[in-house]
Amino acid sequence: MYLGLDLGTSGVKALLIDAGQSIIGSGHASLDVSRPHSGWSEQNPAEWIRACEGAIAELKVSHPEQLAAVKGIGLSGQMHGATLLDAGDQVLRPCILWNDTRSHAEAAKLDADPRFRKLTGNIVFPGFTAPKLVWVRNNEPDIFAKLAKVLLPKDFLRLWLTGEHISEMSDSAGTSWLDVGKRGWSSDLLSATSLDEKQMPSLVEGTEKAGALRSELASKWGMQAGIPIAGGAGDNAASACGMGTVAAGQAFVSLGTSGVLFAANASYLPNPESAVHTFCHALPDTWHQMGVILSATDSLNWLSEISGKGAGELTAELGDTLKAPTGVSFLPYLSGERTPHNDAAIRGSFTGLAHESSRAVLTQAVLEGVAFAFRDSLEALAKAGTTLTRVTAIGGGSRSHYWLKAIATALGLPVDIPADGDFGAAFGAARLGLIAATGADPLRVCTAPATDATIEPVAALSNAYADAYQRYRLLYPAIKAATA
């Protein structure tokens, strides 16, 4: 058996697979996000441990014998979070999360230093780790003075699981401290943020061994001590391993809390001006590009909370047949936006509202707005040299076929729906645990699932969607100017 642990923003998932990669069972525990100020987003790392304990406890109850047979563990996690530890590995403050935008001024200052884009291949986004540390230095100097280690969220779990400070390439590529082409920490970029390599974890590839399970935890869970733990991956690279998106030309669209248009690359292809992320993949000598939307299903969840209707109820009101855009547009910038705008301050909006704008019209506009944000990412990927011919849909939002029809039509690409199964980040993490434990060929392990169905663009609505997308594109500069 092999165990994948995925530390998401909203919870921790533990997934068991067998040697044939069949899913045996899973456990889950929820997490909350603290937003003490506008644009802030934090979690207490102690809650990650509590949630991980809860998810594994579920598995211990439902599958004790299989849990005892685990031979390898893989980790996946939300990226970019700044987990700050003192010399005794005690947490110094709540972790500043990926969707926190407080460090936008610090990010802009770092981004103006040409070394960052040259070495990382990326804009320094406010959500990345390095500008958060500059913010802490500027605003919480007492905490910064005690700083001994900076860990990404999943690597804090690794510290608890193994007692070691280790990270891997895909997650570390999102810090703004990694030389992404050379796959190693940059002393120049670290020194630019008043840090050095001693405060960073050591680095491995995602498929390599990166610590072993402590005997205390093994005993508690009925597992063997010393089980190897793989380097693992950031959540999107882990999802790509789960989906088999590891070779050039393969791509997926992820409808999760955030939205991602992910393309695998066989070489390092940076183009930071497009606001596309260019990161190391979890497999050696492999990279990937991503367009990132900060509020994908979060946009629908926001409308759900406002309207008092569940997200599924809202989408059900639209039926199964894709409708032409109504003239009501939605910008999904509830916490700023990354691709293509790199704008932490912009906020979302509805435009074109009228007396007849019903709840269903607002839901339709939200789904279309997210679909058009993915179209923005597709355009940005094209500028970075990546052309896609189809995508596979993953994430909770992909349960809505209406939404997938909107995305297919907005992108002008077929959207494949994988056969029933869980091919997300926890599954990808379990695959990496299998590879690290057995030495198996990553390309033979990280295969794509069978396609259950394909959703084609609705040709009859292509012109209407093209017109609506052009309206959508005009709104960002207009809203930006009105709120400057």
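Data block above holds the structure.
Residues numbered from 1 in each chain as written. Predicted model: local features only at pLDDT ≥ 70, side-chain atom pairs only at ≥ 80, totals over all residues. Heavy atoms only, no water.

A. Quick look at the overall build of the chain. A count of helices and strands for the chain gives 18 helices and 24 strands. Relative to the 2.2 N^0.38 estimate, which gives 23 Å for 484 residues, the radius of gyration of the chain is 21 Å and therefore close to what a compact globule would have. Principal-axis analysis of the C-alpha atoms places the extent of the chain at approximately 65 × 50 × 45 Å. The 484 residues of the chain split such that 60% are buried. The contacts in the chain between residues at least 6 apart in sequence include a share of 72% that link residues at least 24 apart. Carbon together with sulfur atoms contributes 51% to the accessible area of the chain, which is approximately 17,500 Å² in total. (Helix = DSSP H or I, 4+ residues; strand = E, 2+ residues; numbered from the N terminus. Rg over C-alpha atoms; globule rule 2.2 N^0.38 Å. Buried < 20%, exposed > 50% of the residue type's maximum accessible area, 1.4 Å probe, protein only. Contact = heavy atoms within 4.5 Å. Areas by Shrake-Rupley, 256 points an atom, 1.4 Å probe, with all protein chains shown as cover.)

B. Quick look at the pattern of salt bridges. Inspection of every chain in the model, using the stated rule, returns 20 salt bridges. The shortest N-O distance in the salt bridge between Glu 216 and Arg 214 comes to 3.0 Å. Owing to a relative accessible area of 26%, Arg 214 belongs among the partly exposed residues under this scheme. A network of salt bridges, in which partner residues are shared, links Glu 42, Arg 93, Asp 100, Arg 102 and Glu 140. (Salt bridge = Lys/Arg side-chain N within 4 Å of Asp/Glu carboxyl O.)

C. Representation of the environment of Asp 179. Position of Asp 179 among the secondary structure elements: in strand β10 (residues 178–179). Asp 179 sits in the buried class, given a relative accessible area of 12%. Through-space distance from the C-alpha of Asp 179 to that of Leu 189 is 8.7 Å; in sequence the pair is 10 residues apart. Other than its neighbours up to four places away in sequence, Asp 179 contacts Leu 119, Gly 184 and Ser 186.

D. Just the packing of helix α1 (residues 45–62) against helix α7 (residues 153–162), in detail. In the contact formed by α1 and α7, the axes pass within 10 Å of each other and the chain directions differ by 65 degrees. What the angle tells us is that α1 and α7 run roughly perpendicular. You can see that α1 and α7 cross each other, and the crossing is right-handed. For the pair α1 and α7, contact is made by Pro 45, Trp 48, Ile 49, Cys 52 and Glu 53 and by Pro 153, Phe 156, Leu 157 and Trp 160, respectively. In terms of residue class, the contact of α1 with α7 is built from eight nonpolar, no polar and one charged. (Axes fitted to C-alpha atoms, helices over the stretch in contact; angles between N-to-C directions. Parallel < 35°, antiparallel > 145°, perpendicular 65-115°, else oblique. Left-handed = near helix turned anticlockwise from the far one by under 90°. Nonpolar A, V, L, I, M, F, W, Y, C, P; charged D, E, K, R; others polar.)

E. Inspection of the packing of aromatic side chains at higher detail. One pass over the full model with this rule turns up 16 aromatic pairs. Note on Phe 128 and Phe 279: the rings are 6.0 Å apart at their centroids and 50 degrees apart in plane angle, and the pair reads as tilted. Here Phe 128 is found in the loop between α4 (114–120) and α5 (129–139), whereas its partner Phe 279 is found in strand β18 (residues 277–280), with 151 residues between them in sequence. Residue Phe 128 is classed as buried on the basis of its relative accessible area, which comes to 0%. Clustering of aromatic rings is evident, with ring pairs tying together Phe 372, Tyr 465, Tyr 469 and Tyr 472. The positively charged end of Arg 183 is found above the aromatic ring belonging to Trp 287, 4.9 Å away from the centroid. One cation-aromatic arrangement involves Arg 338 over Phe 125; the distance from NZ or CZ to the ring centre is 5.8 Å. (Phe/Tyr/Trp six-rings, centres within 6.5 Å; stacked < 30°, edge-to-face > 60°. Lys NZ or Arg CZ within 6 Å of the ring centre and 35° of its normal.)

F. Region of interest: the sheet that holds strand β23 (residues 415–418). Across the sheet, seven strands lie side by side as β18-β19-β17-β16-β22-β23-β24; this open sheet has mixed pairing. With partners counted over all chains shown, the strands left at the sheet margins are β18 and β24 (451–455), one partner each. Ignoring strand direction, the axes of neighbouring strands in this sheet form an average angle of 30 degrees. As defined by bridge partners, strand β17 (residues 259–265) adjoins strand β19 (residues 287–293) across seven bridges and the pair is classed as antiparallel. By the bridge assignment, Ala 263 is partnered in β19 with Gln 289. Running over the sheet, helix α14 (residues 359–383) touches β16 (251–255), β17 and β19 and is turned about 145 degrees from β19. (Pairing = 2+ DSSP bridges.)

G. Up close: the environment of Arg 183. Among the secondary structure elements, Arg 183 is positioned in the loop between β10 and β11 (184–185). The buried category is assigned to Arg 183, whose relative accessible area is 10%. Sequence separation of Arg 183 and Asp 285 is 102 residues, and the distance between their C-alpha atoms is 9.0 Å. What Arg 183 contacts, discounting residues up to four positions off in sequence, is Met 169, Leu 178, Glu 205, Cys 280, His 281, Leu 283, Pro 284, Asp 285, Thr 286 and Trp 287.

H. Structural context of α1. Taking 1.5 Å per residue as the helical rise, α1 with its 18 residues ought to reach 26 Å, and the 26 Å between its terminal C-alpha atoms agrees with that figure. All of the buried residues along α1 are Pro 45, Trp 48, Ile 49, Ala 51, Cys 52, Ala 55, Ile 56 and Leu 59. Considered in projection along α1, the buried side chains sweep an arc of 165 degrees and stay on one side of the axis. Two or three places before Ala 46, at the start of α1, stands the capping residue Asn 44, its side-chain oxygen 3.0 Å from that residue's backbone nitrogen. (Expected span 1.5 Å × (residues − 1). Arc of directions from axis to C-beta. Polar contact = N/O pair within 3.5 Å; in protein donor to acceptor, adjacent residues only side chain to side chain.)

I. Seen up close, the nonpolar core. The biggest cluster of nonpolar side chains holds 67 residues, and the ones touching the most others in it are Leu 84, Leu 133, Leu 147, Trp 177 and Leu 195. Excluding residues within four positions of it along the chain, Leu 84 makes contact with Gln 90, Val 91, Leu 92, Arg 93, Leu 133, Val 136, Ile 143, Leu 147, Lys 149 and Val 150. (Core = buried A, V, L, I, M, F, W, Y, C linked by side-chain atoms within 4.5 Å.)

J. Structural view of the side chain of His 288. On the secondary structure map, His 288 appears in strand β19. A distance of 3.4 Å separates the side chain of His 288 from the backbone oxygen of Cys 280, its partner in a polar contact. Contacts of His 288, omitting those with residues within four sequence positions, involve Ala 237, Phe 262, Ala 263, Ala 264, Asn 265, His 277, Thr 278, Phe 279, Cys 280 and His 281.

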